[in-house]
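# Tertiary structure, described
Here is how the chains run, residue by residue.
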Amino acid sequence: MKCFYAPETDLHDPLFRLTHGKILRNAEQAERAKLLKAGLDQLGLDTIEPAEAPRDALAAVHTEDFLTFLETAWQEWQALPNAGPEVVPNVFPQRSFATYPASIVGRAGWHMGDTSAPIGEHTWPASRRAADCAVAAADAVLAGDRAAYALCRPAGHHSSADMAAGHCMMNNSAVAAARLRSKYDKVATLDIDVHHGNGTQAIFYERDDVMTISIHADPETYYPFFVGYAHETGTGAGEGFNTNYPLPRSTTDEVWLKTIAEALEMIAAYQPGALMLSLGLDAHENDPLLGMQISWDGFRRAGEMIAAAGYPTVIVQEGGYLSEDLTTSLVSFMKGFTGDAK
């Protein structure tokens, strides 16, 4: 299996995070990449540095205003008096009645959905290279590979067409799914991160050519709180092509795997040409974000089930946070998916 990773993504190592009124160290730390690469090393899987993707691959799912904002925000922020080291919004618009502002302070609030995805000096090149990994993995599958893996940092599935949030910048998973559409009439996305893939849902919510399914901790008490409920099924042409499975945070292997099996049945009925898998590993029982109680064996079995579905598959890395178990979580899933250590 081809695995894509860009060293420039390690430069994104954000500091700021606001949790329960306290300023804490951000959870999306560069150390995550080292733990994930260690897993690939254990599997004997080398990484490939991707080529730079054409900008239109990013613009397929993101607005030009958003891409320009990500590219220029840090430099503009530094021109503010007494500017902090990262772009962190302090005001948010009521978008139902709002005008796009000229001020970088206003645009930060427009394009950033919360305070957990601060933009630092190296965020743009890192997020650009993360998206390059997703495009390269999709291109490998388009060229005939059965599957490919993109080790993306920062993650992406909370970002919508014009808004970053939840540790995410560009939506790498949506970029990969849109890239697959260049060949396949229909593409399915399956998100098994412990958090709802709200950005991916938003991007494809009115479309029937990309089915979106997310299995996640119930948003009644867990991020992203406002979306990810079972009644959200798509609108317009997309009605019936979005499915959410909110599960209790006490969920263990059997219920989680049964839900994945149900999702795969829906995907089979949809008959897509390819599958884009948002691989979050933060459902593990020892992940510091405490979203679910999935074991390593659960990840292995999930990998087996998803591989057995038989679709050309792009695997895009989403969450999975700082724990010595993160490496083994990736190894477990990949062993299940590949059937061996290669």
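For the structure, check the block above.
As a starting point, this report considers the structure included with it. (Residues numbered from 1 in each chain as written. Predicted model: local features only at pLDDT ≥ 70, side-chain atom pairs only at ≥ 80, totals over all residues. Heavy atoms only, no water.)

### Section: the overall build of the protein chain
- Each helix and strand in the protein chain was counted, giving ten helices and ten strands.
- Its C-alpha radius of gyration of 18 Å places the protein chain within 12% of the 20 Å reference for a compact globule of 342 residues.
- Its C-alpha atoms put the protein chain at 55 × 45 × 40 Å along the principal axes.
- Within the span of the protein chain, comprising 342 residues, buried residues form 58% of the whole.
- A separation threshold of at least 6 residues defines the contact pool for the protein chain, and within that pool the share at least 24 residues apart is 76%.
- Carbon and sulfur atoms form 54% of the exposed surface of the protein chain, whose accessible area is close to 13200 Å².
- When the 25 basic and 44 acidic side-chain charges of the protein chain are each reduced to a single mean position, those positions are 3 Å apart. (Helix = DSSP H or I, 4+ residues; strand = E, 2+ residues; numbered from the N terminus. Rg over C-alpha atoms; globule rule 2.2 N^0.38 Å. Buried < 20%, exposed > 50% of the residue type's maximum accessible area, 1.4 Å probe, protein only. Contact = heavy atoms within 4.5 Å. Areas by Shrake-Rupley, 256 points an atom, 1.4 Å probe, with all protein chains shown as cover. Lys, Arg positive; Asp, Glu negative; His and termini not counted. Charge placed at Lys NZ, Arg CZ, Asp CG, Glu CD.)

### Remarks on the environment of Asn90
- Tracing the sequence through the fold places Asn90 in the loop between helix H3 (64-78) and helix H4 (104-111).
- In this structure Asn90 comes out as exposed when scored by relative accessible area, which is 60%.
- When the C-alpha atoms of Asn90 and Gly336 are compared, they prove to be 44 Å apart, with 246 residues separating the residues in sequence.

### Topic: unusual backbone geometry
- With an omega of -5 degrees, the peptide bond running from Arg153 to Pro154 counts as cis.
- Note that Pro154 resides in the loop between strand S5 (147-150) and helix H6 (172-180).
- Residue Pro224 is reached from Tyr223 by a cis peptide bond, and omega for that bond is 15 degrees.
- Mapped onto the elements, Pro224 comes out in the loop between strand S7 (210-217) and strand S8 (242-247).
- A positive phi is found at Phe225, a non-glycine position, where the angle reads about 70 degrees.
- Locating Phe225 in the fold gives a position in the loop between S7 and S8.
- Located in the positive-phi region is Leu290, a residue other than glycine, with phi close to 55 degrees.

### Thoughts on the environment of Ala217
- Tracing the chain through its elements places Ala217 in strand S7.
- Separated by 15 residues in sequence, Ala217 and Glu232 place their C-alpha atoms 15 Å apart.
- Apart from the residues lying within four places of it in its own chain, the contact partners of Ala217 are Val194, Tyr222, Leu247, Arg249, Gly291 and Met292.

### Brief notes about the pairing of S5
- Burial of the side chains of S5 extends over both faces: Ala147 and Tyr149 are buried on one face and Ala148 and Ala150 on the other.
- Pairing geometry for strand S1 (residues 2-4) and S5, over three bridges, is parallel. Looking at S5, one finds that Phe4 is bridged to Ala150.
- Relative to strand S10 (residues 313-317), S5 is paired through four bridges, and the arrangement is parallel. Residue pairing across strands places Ala148 opposite Val314, the latter belonging to S10. (Pairing = 2+ DSSP bridges.)

### Some thoughts on the packing of helix H1 (residues 31-43) against helix H10 (residues 326-338)
- Taken N-terminus to C-terminus, the directions of H1 and H10 make an angle of 40 degrees; their axes are 8 Å apart at the nearest point. In terms of orientation, H1 lies oblique with respect to H10. Where H1 crosses over H10, the two elements pack in a sense that is right-handed. Every residue of H10 that contacts H1 at Arg32, Leu35, Leu36, Ala38, Gly39, Leu40, Gln42 and Leu43 is listed here: Leu326, Thr327, Leu330, Val331, Met334 and Lys335.
- Classifying every residue of the contact of H1 with H10 gives nine nonpolar, three polar and two charged. (Axes fitted to C-alpha atoms, helices over the stretch in contact; angles between N-to-C directions. Parallel < 35°, antiparallel > 145°, perpendicular 65-115°, else oblique. Left-handed = near helix turned anticlockwise from the far one by under 90°. Nonpolar A, V, L, I, M, F, W, Y, C, P; charged D, E, K, R; others polar.)

### Concerning the packing of helix H8 (residues 253-270) against helix H9 (residues 296-308)
- Two numbers describe how H8 lies on H9: the axes approach to 10 Å, and their chain directions differ by 15 degrees. When the interaxial angle is binned, H8 and H9 end up roughly parallel. For H8 against H9, the interelement crossing comes out right-handed. Note on element contacts: H9 touches H8 through Asp297, Gly298, Phe299, Arg301, Ala302, Met305 and Ile306, opposite Asp253, Glu254, Trp256, Leu257, Ile260, Ala261 and Leu264.

### Points about the nonpolar core
- Within the largest apolar cluster, 52 residues are counted, with the highest numbers of intra-cluster contacts made by Phe69, Leu70, Ile119, Leu180 and Val314.
- The element contributing the most residues to this core is helix H5 (residues 123-142), with twelve residues.
- Leaving out residues up to four positions away in the same chain, Phe69 has contacts with Ile104, Arg107, Ala108, His111, Met112 and Ile119.
- Formed by 51 residues, the second largest nonpolar core is a distinct cluster that contains Tyr149, Ile192, Trp256 and Met292. (Core = buried A, V, L, I, M, F, W, Y, C linked by side-chain atoms within 4.5 Å.)

### A closer look at the state of the cysteines
- Applying the stated criterion to the full structure yields zero disulfides.
- In this structure Cys3 is a free cysteine whose sulfur lies 11 Å from that of Cys133, the closest cysteine sulfur available.
- Here Cys3 falls in the buried class, since its relative accessible area comes to 0%.
- Cys152 forms no disulfide, and the closest cysteine sulfur to it belongs to Cys133, at a distance of 5.3 Å. (Disulfide = S-S within 2.5 Å.)

### Brief notes about H5
- The end-to-end C-alpha separation of H5 is 28 Å, in line with the 28 Å expected for 20 residues at 1.5 Å each.
- Among the 20 residues of H5, 18 are classified as buried, and the element is accordingly described as predominantly covered.
- One or two residues past the end of H5 sits Gly144, with phi positive at roughly 120 degrees. (Expected span 1.5 Å × (residues − 1).)

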